[in-house]
Amino acid sequence: MDRDEIALEMGVFIPVGNGGWITSTKSPQTPSTYQFNRQVTVLAEKLGFDFVLSMAKWRGYGGPSQHWDQTLESLTTMCGLAEATTRIGVWGTVHTMIFHPAVVAKMAAVIDQISGGRFGLNLVAGSNPYDQGQMGLWRDLDHAGRYRLAEEWITVAKRLWTEERVNHAGEFYTLEDCVSAPKPRRMPPIICAGASDRGFRFTVENCSGGFFIGSDSDDFVNTGLRAKKMAAELNRPDFKTYALFMIIPGETDQDAQRRVDLYVEGADIVALNAQSFEYSADRSFKQNTSANMFVRQGSAASPFMSVPVRGAPRTIGRKLADLVRRAKLNGVIAVMPDFIDDLHIIGTDVVAALAGEGIITTACKMTQSEAAL
Ligand SMILES: Cc1cc2nc3c(=O)[nH]c(=O)nc-3n(C[C@H](O)[C@H](O)[C@H](O)COP(=O)(O)O)c2cc1C
């Protein structure tokens, strides 16, 4: 092989909202139950995925598919999954406007104990004004203000994880002789999917990694390289980049395309319009990149957040390997229509195809060592 081998982390964005990541009546209607997510996570661990991540979402979009009308709370779900597993990373999501950093600092220390140091955190500084606004927790801050809050939030949380007593008088939080014990055994991996320039800067300066999506292959590559460039400028050589891909496998490329066509045919326009409507209510709409993305998705009536990587496992392996190399990715976070059968194919045939392209994952190593037994 004339190319360098690349080590790639692989995670699964587990379907804690019903219907998963396809807004369609014709895609698998995955249930948003703890039991189902436990089954997915146990399988992901067995296959050798490095981590599972759950989103934070508080209300759904209705429509015939009732998209995300049921959602599990992220951190309590990850607590359960930590107990149900032994190796895989369990990463949860927190809206910084909803939770006080001292509350999450302690929750993280507990999940650190339950999981034996496998907990990670995804921070969301903004997102959907209806989602958090329904309980009066969407603050009247502009986009920059939300990132100022997130910055203060993470500064306070990190201090509580490392200092005995914290005094802090800031713009958003006041802590007086605040103690938080126990401490986590280590700083958890912290990621953020902020995609605007401000969100990117926050992520590179304060987090261990960023994750993102792209409207097409070039967009994925440009965003990945933009993050790496900023990390280099800010002297953060260890900063990791993860891309979220919808992966749709088939026995053949044509078979996978038929699946895509079917889901497009069933696109739930009512739910997509509700999503567009909610995100466009953000008064910082222009700066909020997810708002723009979701509003675009609605007007295109696309059941997918980004163009799916589709095909037979070898085709998917080739396409992903190309994106990983071009975008200099450290990790891939996978979503798929069927979180059991497709996950199995991705964790075996696709990772084998990736290995054939010089992209080495824990999942591939585990499959090989099992095969050697
Ligand atoms: C892959 C991905 C995952 C995200 N997960 C969540 C989530 O769980 N909950 C949420 O409210 N927003 C989520 N977001 C929204 C982002 O945290 C962020 O608000 C968005 O990308 C806009 O970036 P910006 O604030 O820099 O404009 C996610 C976005 C992406 C791209």
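In this text the structure is predicted, and so the values were computed from the model without any measurement.

Thresholds applied
Residues numbered from 1 in each chain as written. Predicted model: local features only at pLDDT ≥ 70, side-chain atom pairs only at ≥ 80, totals over all residues. Heavy atoms only, no water. Near = heavy atom within 4 Å. Polar contact = N/O pair within 3.5 Å; in protein donor to acceptor, adjacent residues only side chain to side chain. Areas by Shrake-Rupley, 256 points an atom, 1.4 Å probe, with all protein chains shown as cover. Helix = DSSP H or I, 4+ residues; strand = E, 2+ residues; numbered from the N terminus. Buried < 20%, exposed > 50% of the residue type's maximum accessible area, 1.4 Å probe, protein only. Pairing = 2+ DSSP bridges. Core = buried A, V, L, I, M, F, W, Y, C linked by side-chain atoms within 4.5 Å. Contact = heavy atoms within 4.5 Å. Salt bridge = Lys/Arg side-chain N within 4 Å of Asp/Glu carboxyl O. Expected span 1.5 Å × (residues − 1). Phe/Tyr/Trp six-rings, centres within 6.5 Å; stacked < 30°, edge-to-face > 60°. Lys NZ or Arg CZ within 6 Å of the ring centre and 35° of its normal. Axes fitted to C-alpha atoms, helices over the stretch in contact; angles between N-to-C directions. Parallel < 35°, antiparallel > 145°, perpendicular 65-115°, else oblique. Left-handed = near helix turned anticlockwise from the far one by under 90°. Nonpolar A, V, L, I, M, F, W, Y, C, P; charged D, E, K, R; others polar.

**Regarding the site of the ligand**
- Near the ligand there are 20 residues, and of these His95, Ser127, Tyr147, Ala193 and Ser196 occur at the shortest range.
- Within the side chain of histidine 95, an N or O atom sits 2.6 Å from an oxygen atom of the ligand.
- A distance of 2.6 Å separates an oxygen atom of the ligand from a polar atom in the side chain of serine 196.
- Look at the ligand: alone it shows 620 Å² of surface, and the protein chains cover 94% of it.
- Going through the elements one at a time, strand S4 (89–95), helix H5 (143–162) and helix H10 (289–299) are the ones with two or more residues in the shell around the ligand.

**Thoughts on the side chain of asparagine 18**
- Take asparagine 18: it is sitting in the loop between strand S2 (9–13) and helix H1 (34–47).
- Taking relative accessible area as the criterion, asparagine 18 reaches 12% and is therefore assigned buried.
- Within the structure, asparagine 18 has its side chain in polar contact with the backbone nitrogen of tryptophan 68 (distance 3.2 Å).

**What to know about the pairing of strand S6 (residues 166–169)**
- On S6, burial follows the alternation: Val166 and His168 on one face are buried, whereas Asn167 and Ala169 on the facing-out side are not.
- Bridge analysis of S6 against strand S7 (residues 174–178) gives 3 bridges, and the strand direction is antiparallel. Opposite histidine 168, over in S7, you have leucine 175 as the bridge partner.

**Remarks on the nonpolar core**
- Residues Val12, Phe13, Phe49, Leu121, Trp153, Phe245 and Leu343 are the most contacted members of the largest nonpolar core, which totals 105 residues.
- In contact with leucine 343, not counting residues within four places along its chain, are Val12, Val40, Leu43, Ala44, Leu47, Phe49, Met336 and Asp338.
- Core analysis: the next-biggest nonpolar cluster, separate from the first, contains 6 residues, Phe200, Ala227, Met230 and Phe239 among them.

**Here's the deal with the pattern of salt bridges**
- Applying the stated criterion to the full structure yields 17 salt bridges.
- Its salt-bridge partner being arginine 226, residue aspartate 197 comes within 3.1 Å of it at the nearest N-O pair. With aspartate 197 in helix H6 (residues 197–206) and arginine 226 in helix H7 (residues 217–233), the pair connects residues that are 29 residues apart, well separated along the chain.
- Looking at aspartate 197, the relative accessible area reads 56%, which means it is exposed.
- One continuous salt-bridge network, built from bridges that share partners, spans Asp218, Asp322 and Arg326.

**Looking at H7**
- If you check H7, its first and last C-alpha atoms are 24 Å apart, about what 17 residues at 1.5 Å a residue would give, namely 24 Å.
- For H7, the complete set of buried residues consists of Phe220, Val221, Thr223, Gly224, Ala227, Met230 and Ala231.
- Looking at the packing, one finds that the buried side of H7 touches H6, strand S9 (209–212), strand S10 (240–249) and helix H11 (313–327).
- In this structure aspartate 216 caps H7, since a side-chain oxygen of it lies 3.2 Å from the backbone nitrogen of aspartate 218.
- One or two positions beyond H7, positive phi appears at asparagine 235, with a value near 55°.

**Remarks on the side chain of serine 115**
- Looking at the secondary structure, you find serine 115 in helix H3 (residues 101–115).
- There is a polar contact of 2.7 Å between the side chain of serine 115 and the backbone oxygen of isoleucine 111.
- Residue contacts for serine 115: discarding those within four places in its chain leaves Ala82 and Val90.

**Some details on the packing of aromatic side chains**
- Following the criterion strictly, the structure yields 12 aromatic pairs and no others.
- Note on tryptophan 21 and tryptophan 68: the rings are 6.0 Å apart at their centroids and 75° apart in plane angle, and the pair reads as edge-to-face. Separated by 47 residues along the polypeptide, tryptophan 21 in the loop between S2 and H1 and tryptophan 68 in the loop between strand S3 (51–53) and helix H2 (74–84) bring together distant segments of the chain.
- Judged by its relative accessible area of 6%, tryptophan 21 is buried.
- Relative accessible area serves as the criterion here: at 7%, tryptophan 68 is assigned to the buried category.
- Summarising the aromatic geometry, the rings of phenylalanine 51 and tryptophan 91 are spaced 3.8 Å apart at their centres and angled 5° between planes, so their arrangement reads as stacked. Placement of phenylalanine 51 in strand S3 and of tryptophan 91 in strand S4 is noted, with a sequence separation of 40 residues between them.
- A relative accessible area of 1% means that phenylalanine 51 is categorised as buried.
- Judged by its relative accessible area of 6%, tryptophan 91 falls in the buried class.
- Members of the aromatic cluster, connected to one another through ring pairs, are Phe13, Trp21, Tyr61, Trp68, Phe211 and Phe339.
- The ring of phenylalanine 200 is capped by arginine 226, whose NZ or CZ atom sits 4.1 Å from the centre of that ring.

**A closer look at the packing of helix H9 (residues 269–280) against H10**
- Packing of H9 against H10 brings their axes to within 8 Å, and their N-to-C directions diverge by 150°. The angle between H9 and H10 falls in the class roughly antiparallel. Classified by chirality, the crossing of H10 by H9 is left-handed. Between H9, through Leu272, Asn273, Gln275, Ser276, Tyr279 and Ser280, and H10, the contact on the second element is made entirely by Ser290, Ala291, Phe294, Val295, Gln297, Gly298 and Ser299.
- Residue composition of the contact of H9 with H10, grouped by class: 5 nonpolar, 8 polar and no charged.

**Notes on the environment of methionine 336**
- In this structure, methionine 336 sits in the loop between strand S12 (331–335) and helix H12 (341–356).
- For the pair methionine 336 and glutamine 134, spaced 202 residues apart in sequence, the C-alpha to C-alpha distance is 29 Å.
- Residues within four places of methionine 336 in sequence aside, it is in contact with Val12, Met246, Ile247, Asp342, Leu343 and Ile346.

These values are about where atoms sit, not about what they do.
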